[in-house]
Structure formats: C-alpha cells, structure tokens
Amino acid sequence: MAVVTYRDALNQALREEMQRDDRVFLMGEEVGVYQGAYKVSKGLLQEFGEMRVVDTPITELGFAGIGVGAAMVGLRPVIEFMTWNFALLAIDQVVNSAAKLHYMSGGQFNIPIVFRGPNGAALQLSAQHSQAFESWLAHVPGLKVVSPGTPHDAKGLLKSAVRDDNPVIFFEGEMLYNTKGEVPDEEYLIPIGKADQKREGEHCTIVTYGKSVLLAMPAADQLAREGIRVDVIDLRTVRPMDVDAITASVRKTNRAVVLEEGWEVAGIGAQVVDYIQRDCFDDLDAPVVRVHQADVPMPYAKNLERAAKPDVAKTIAAVKKVMYLE
Amino acid sequence: MAQTKVKRKTETAAGDDTTPEQRRDLLRSMLLQRRFEERVAEAYALGRIGGFCHLYIGQEAVGAGAMAALREDDYIITTYRDHGQAIARGVAPRAIMAELFGRSDGCSRGKGGSMHLFDRSLNFLGGHGIVGGHVPLAAGIGFAIKYRGGDQVCLCFMGESVVNTGAFHEALNMASLWKLPVVFLIENNRYGMGTALERASSIHDIYMRAASYDMPRAYVDGQDVLAVRASTLEAVRRARTESIPTLLEVRTYRFMGHSMSDAVSGTYRTKAELEEYMKRDPIMVLRMRMQEAGEIDDAGMTRLDEELKAIVQDAWDFAEASPEPPLESLYEDVLVETTT
C-alpha cells in the first residue's frame, strides 16, 4: 500500500473514473490550466483535454446549473467549487434542481452529479471563507452527503460518488489535502452510507466525520494513555447516515460525544443525538455532549479562531464530562 | 464574432415557408392549447386542480410556432407556465390533465403538478419553478450535445422577467463563450406577475441584453405563429449548423392573470389595455390569414373546434378516472437505485 496525500487520493479517483467512463467530466474554476486551486485536478487537463476538464468563469450558479442540465441528458459531471463557501451562490441549482428533479418528474430524470470542494475552516480565513455546510445540505431529501476524513476514504468514496446515479455532495477540506495515509494499490470502492469504526474502545463513543476525525484520533490516543478507551465512529457519509453503527457503539459504551466542525444549532450533531435518544434511551448513562464550532461567525485573530474551533482538548474534555470524570 | 445579426424590425412572417397542411397543424395546436386551458380554468375553479396554475391563453402562437421549428430529438426546457408548450410538443392532453388533477397517470405521476410537467419520451425536460433557474440547465443540455458531438438543439423558453436574474446572464455568457447549441426564447408577455417590463428592466428592447455576450439576437411578433416559427427556425438552424446560440425575444401578451389567483385586469393593467391586445388574438390572426387564402372556412373551423373540445373533454374524463397516486409512492423517486 502506498502512502499518499488526501489531495493525490482525490486526483487518482478522478483520473480513474474519467478513464473508466467518458461521460465523466470535471468543471469548475481553475480546474484546468491552473491545475486546480488546490491542485486536486493536477494533470487532468493534459490527459483528458479541455472538453472534459472545463475551466469556467467565476459563475457558480451558472456552472452548477450547466452540470445539472448535462446530467439530465446523460453525462456525469463532477462540479468543483473552489470552496463550498462560494457554493452558496449556486444553492438554488443544488437544492431546487439537482435534488428535486428526479422526484418532481415522477422518476423520469435522475441527476448523476458530484458537487465537490473544500468545506469548513482552514487557517485565519475569517468569516466568509470558514464555514461548514454539511447540515445545510444534509437537510435536503434527494441528496447524498459525503465527508471523508482520510485519503483512503476520500478515494474510495469519490469513486463511488462519481458512479452514483444521484446527486452527491462531496465535502473535502483545505486542511486535509496535505494529510497522508495508506491507499491500496488495487482499485477499491467505499460504499456511500457506511460508517467506519476508526478506533475500538468500551468506555465512550465519539461520533464524528470529515476533518474532525483528525481531532478524534489524537484525542482517543491521549485518553487511552489515561486508561479511557473510546470507540471512534467515523460516519464518512452524513446522508444517508449509518445509524446502526452509531447505536451499536452507544449500546456498548453507554456514553457518547458527537464531534463536528459546524455550528451547534440544527447541526449534524443534533441529528445524531436524536438518533441516539430514539434508539438508545435506556442504554445511556449520561446525557450526550456535543463539540462544535462556537456559535459565532469565524473570527480572524489567531487566538479567537482557536477559541471558536473544536479541538483535541475540547474533545477530551467532552469525553471526561460524559464519564463524570470532571 | 461576425455572425451577429440584429434585426431591428418585427418581420411579420418573414421567411415563412409553411405549407397549408403545416398552417392547419399550427392552428390546431393553438386551438387545442386554448380549449385545454379554458377547461383547466374551469377545473381550477371547481377545486379539481390545486396549487399555483399559470395559464397560456394569449401566448399559444409562441409554443406552437417555436415547437414547429424543432426535430424529434431536440430538447425543450421551460418555466412553470408550461401547459401550452407541453401540448405543442405533443405531450398527451390526458397525461397533462391527469397531472394537473394530481393523479397517478399524470405525466409526472402526480408528483410535479402544473408547474412541473415532464415527458422524457419527447425530450420535454420540464417545467421549472424558480424564475431563471432553468436557464443554466439549458446551457448544460447544450454543453452535453456539444460534448457528444451531436447536432441537436436545446430550446429554452423563459418569461421576460428572467432577464433580470443572475442565472440568465451567467448562462448566456457561457453559452456564447463556449458556442453552445441553445435557443434562448423569451416569451415577453409584458408583465412579470404584476410588474410591467418598463418597471423592472433598465432597457425595454430586452433582446438587446444579448449584445453583452456578443450573441445573435432578434425579436419577433409573438401573436403571429408563422413569424414565430420562421424566427425560431433561423435560430435553430444557427444552433444546429454553426453551434451558435441565439436570444430570441417573442413579443406576446397573456390574456389571463399571472396565475389563477390574480385578477385578469384592474390592478397592474387596465381593461382597455387588455382589450386592445386581445384584438390580436394569435388564433384569430392565423385563422383570418387561412380564411383569406381559402384554406379554412367557418364550417371547417367549427368542425376543428368540436374535435378539439372532445379531446379536452376526454382528457378531463381520463384525469377524473385516474387513481390518486398510491400512498407508497410518497417515498418513491427521491433517489434512484444506482446500477452502474
């Protein structure tokens, strides 16, 4: 198994899927000549040409809609948003067109499209460039919402997303692109909707996904040194959510922390907590605790940004809280 | 781009090459749309049809004339005012009426309603409900045609209010930049709901919006079905053979309110204005021409009318007899099973 970056894992997935299926094309800002704002599409223009690696003007609403129209008549677009912050300009196409056309046409038109790009905060990009949108889009029936946290999961899930016959929202992370991990040499797919148990333990469950996996793992390591062993459930997909994986773990540990990058109100964590109270009410030994971004727009100053974001220390504190250790 | 052409005048039926049979088909299409919509209004008043319902009465020449310029394998995408265009494309009146009635035999299986008529078998890619939202989709369909190296065309209907949305401009820019085979057809019926064009758009010759994108553009009398057909044919030819998009402004007028829930006149337009426009009823315009040419007489017109009324009655009866969608269909078609 080779060790590759999250960025290269995505690049491999795109290349392999474009080689496999000539209906697949990549469209977005700077994906071609510039080789990708974050270099995810490096080399693809040279391999596939400008009809399949399409540089767009800065016009999110327009090219998101072009993707949906092309998908309606049989192509399989991968639409890159330079960041999901800019995708707000395109949300009408994602929600009103991509998510609903299959239903409101009575099943006549399905929309096999992937909308992908980095999501959430990086470093000191402040309020308009540091938002996590999972809960916004996971709210909408007709979409699948994927948020992988490792290179292995990123590659396998992107390949599945491209092959899916439905619109798939694919959240990457600017802070994830340089992270490394083992990726199998042979071809593999990871099914959308399947969580992965990233750590095994019996004292508490941490439910998380995406970039926050990178907080949960060191938190689990540190807790283990104190004799606290946690299950880390990496959802990988937030819609459809692998509820069985959550409940199986909570029934074992009787305690849960839900860790996410986004805001608290109506967040993904709120949904996870709802599943837990519905299915594991009698199993719980303590109220579930959530870790999330502070309920403020992201500030610029380093110290304030640090205070606003979830981190390893906050995650450890949350685990200790549900275990009544402090 | 050298091909840019600006037609400065309305060219009534310029370039018309219709045969008597084609004119008869156009008359038939328009009259079927009219009779259909009249019964839709009745059904709405009776509570058989719910929700928002936007009638096409007054604009029939646009749907009929433009559709006549297309091939079977071309694509159509449109707005929520979609009944007339669906009929003009050949969607079964039964399936449309059943959709409006919210029944399982509807062309969208009762899931779409008045604003969301679809028929995949006819490349009728739907009524879309967000003003401007479907215009980028049309560019995407054009992109797909070009991607596959086909020679089809996408015809995109829209109301004149669309020209003030960002989606319109983003789509036109890329369609022109990438030379996509799309005809952007504006049905300028003078009012976006209750707001007159002059109160909404900084320029009033709205086909000129295309000048920003170096896109061929023209306007045409939308009450003259032969003119609409001829102008659309020219735009379709340009798209098909040169892969160049066109913005075609078709000047028409709706004889009804914006939807079934607003007054026909009295608030944002006067009765006198409405009556003035109704003198140029598109069905009468063609009928008079055909009568003068001896192609139809009063008796022939009556026979045609009776035949079409019977088709609409049959559609009504079919819709009423069609079952409501089964409750288990509530959760169907949210996602499709992935087979690849």
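Worth saying up front: this structure is predicted, and the values here are computed from it rather than measured. Starting afresh in each chain, residues are numbered from 1 along the sequence in its written order. Throughout, the order in which chains and ligands are written sets their labels, letters from A for the former and numbers from 1 for the latter. Only residues with pLDDT of 70 or above have their local features reported here, since the model is predicted, and side-chain atom pairs are shown and tallied only from 80 upward, although totals for entire chains, interfaces and linings are computed over all residues.

Below, the discussion takes up the overall build of chain A. Per the convention used, a helix needs a DSSP run of H or I reaching at least four residues, while a strand needs a run of E reaching at least two, with both numbered from the N terminus. A tally of regular secondary structure across chain A gives twelve helices and 14 strands. Each radius of gyration is computed over the set of C-alpha atoms, and the globule rule expresses the reference value as 2.2 Å times the number of residues to the power 0.38. Over its C-alpha trace chain A gives a radius of gyration of 19 Å, about what one expects of a compact globule, namely 20 Å for 326 residues. Once the C-alpha set of chain A is aligned to its principal axes, its extents read approximately 60 × 45 × 40 Å. Buried means a residue has 20 or more other C-beta atoms within 10 Å of its own C-beta, exposed means 12 or fewer, and partly exposed covers the counts in between; C-beta atoms are placed from the backbone. Within the span of chain A, comprising 326 residues, buried residues form 59% of the whole. By the convention adopted here, residues make contact when the C-beta atoms placed from their backbones lie within 7 Å. Excluding contacts between residues fewer than 6 apart, the proportion of contacts in chain A whose partners are at least 24 apart in sequence is 79%.

Right, let's talk about the sheet that holds strand E4 (residues 182-188) of chain B for a bit. Strand pairing in a sheet relies on backbone hydrogen bonds. The paired strands run either parallel or antiparallel. Residue and element names in this part refer to chain B. Spatial strand order, E2-E1-E3-E4-E8-E7: six strands in an open sheet with parallel pairing. Edge positions in the sheet fall to strand E2 (124-127) and strand E7 (217-221), since each has one partner strand and no second. Neighbour to neighbour, the strand axes of the sheet diverge by 15° on average, direction disregarded. Two strands pair when backbone bridges link them, and E7 and strand E8 (residues 246-251) are joined in this way by five bridges, in the parallel orientation. If you follow Tyr219 over to E8, its bridge partner there is Glu249. Axes here refer to lines fitted to C-alpha atoms; in helices the fit is confined to the stretch in contact. Angles between the N-to-C directions go from 0 to 180 degrees. Sitting on the sheet, helix H5 (residues 134-148) is in contact with strand E1 (75-78), E2, strand E3 (154-159) and E4, with an inclination near 170° to E3. One bridge is not enough; two strands pair if DSSP finds at least two bridges between them.

Residues and elements named next belong to chain A. Side-chain alternation along strand E13 (residues 256-259) places Ala256 and Val258 on one buried face and Val257 and Leu259 on a second face that is also buried. Note that strand E10 (residues 204-208) and E13 share three bridges and pair parallel. If you follow Ile206 over to E13, its bridge partner there is Val257. Across three bridges, the pairing between E13 and strand E14 (residues 289-291) is parallel. What sits directly across from Val258, in E14, is Arg290. For crossovers, right-handed means that the path from the first strand over the helix to the second runs clockwise, given strands pointing away from the viewer. Following the chain from E13 across helix H10 (residues 268-279) to the adjacent parallel E14, one finds a crossover that is right-handed.

Looking now at the domain arrangement of chain A. All names here are of chain A. Each assigned domain of chain A is listed with its residue range as follows: domain 1 (2-183) and domain 2 (196-322). Throughout, the edges of the domains are those of an automatic or database domain assignment. Here the C-alpha centroids of domain 1 and domain 2 sit 26 Å apart. Under the convention adopted here, Pro, Cys and the residues Ala, Val, Leu, Ile, Met, Phe, Trp and Tyr are nonpolar, Asp, Glu, Lys and Arg are charged, and Gly plus all remaining residues are polar. Grouping the amino acids of the side of domain 1 that touches domain 2 by side-chain chemistry returns twelve nonpolar, ten polar and three charged.

Grouped together as the largest cluster of nonpolar side chains are 201 residues, with contacts concentrated most on A:Val257, B:Ala138, B:Ile141, B:Cys156, B:Val183 and B:Phe184. Per-element accounting of this core gives the leading share, nine residues, to H5(B). Here this core spans two domains, and each of domain 1 (2-183) and domain 2 (196-322) of chain A adds at least three residues to it. Leaving out residues up to four positions away in the same chain, B:Cys156 has contacts with B:Ile77, B:His134, B:Val135, B:Ala138, B:Val182, B:Val183, B:Phe184 and B:Leu185. Think of a nonpolar core as buried Ala, Val, Leu, Ile, Met, Phe, Trp, Tyr and Cys residues chained together by C-beta atoms that fall within 7 Å.

Before going further, it helps to spend a moment on unusual backbone geometry. The omega angle of the peptide bond from A:Arg239 to A:Pro240 is -5°, so this bond is cis rather than trans. Structurally, A:Pro240 can be placed in the loop between strand E12 (237-239) and helix H9 (243-253). With phi around 65°, A:Ser126 is a residue other than glycine that occupies positive phi space. One can find A:Ser126 in the loop between strand E5 (114-118) and helix H6 (134-138). Look at B:Arg109: it is not a glycine, yet its phi comes out positive at around 55°. With respect to the secondary-structure elements, B:Arg109 resides in the loop between helix H4 (93-100) and E2.

Turning our eyes to something else, we now look at the sheet that holds strand E6 (residues 144-146) of chain A. Residues and elements named next belong to chain A. Here we have seven strands laid out as an open sheet, ordered E3-E2-E4-E5-E7-E6-E12, and mixed in their pairing. A strand with exactly one partner marks an edge of an open sheet, and here the two such strands are strand E3 (53-55) and E12. Strand-to-strand twist in this sheet, taken as the mean axis angle between neighbours without regard to direction, amounts to 20°. One ladder, built from three bridges, connects strand E4 (residues 76-80) with E5; its direction is parallel. Bridged to Val78 within E5 is Val114. Across the sheet, helix H3 (residues 60-72) is in contact with strand E2 (24-28), E4 and E5; its angle to E4 comes to roughly 170°.

Tallying the contact residues gives 34 residues for chain A and 35 residues for chain B. For the side of chain A that touches chain B, the secondary structure elements donating two or more residues are H3, helix H4 (91-98) and helix H5 (101-104) of chain A. Top element by residues in the side of chain A that touches chain B is H3(A). It accounts for nine residues. Residues of the side of chain A that touches chain B, tallied by class, amount to 13 nonpolar, 17 polar and four charged.

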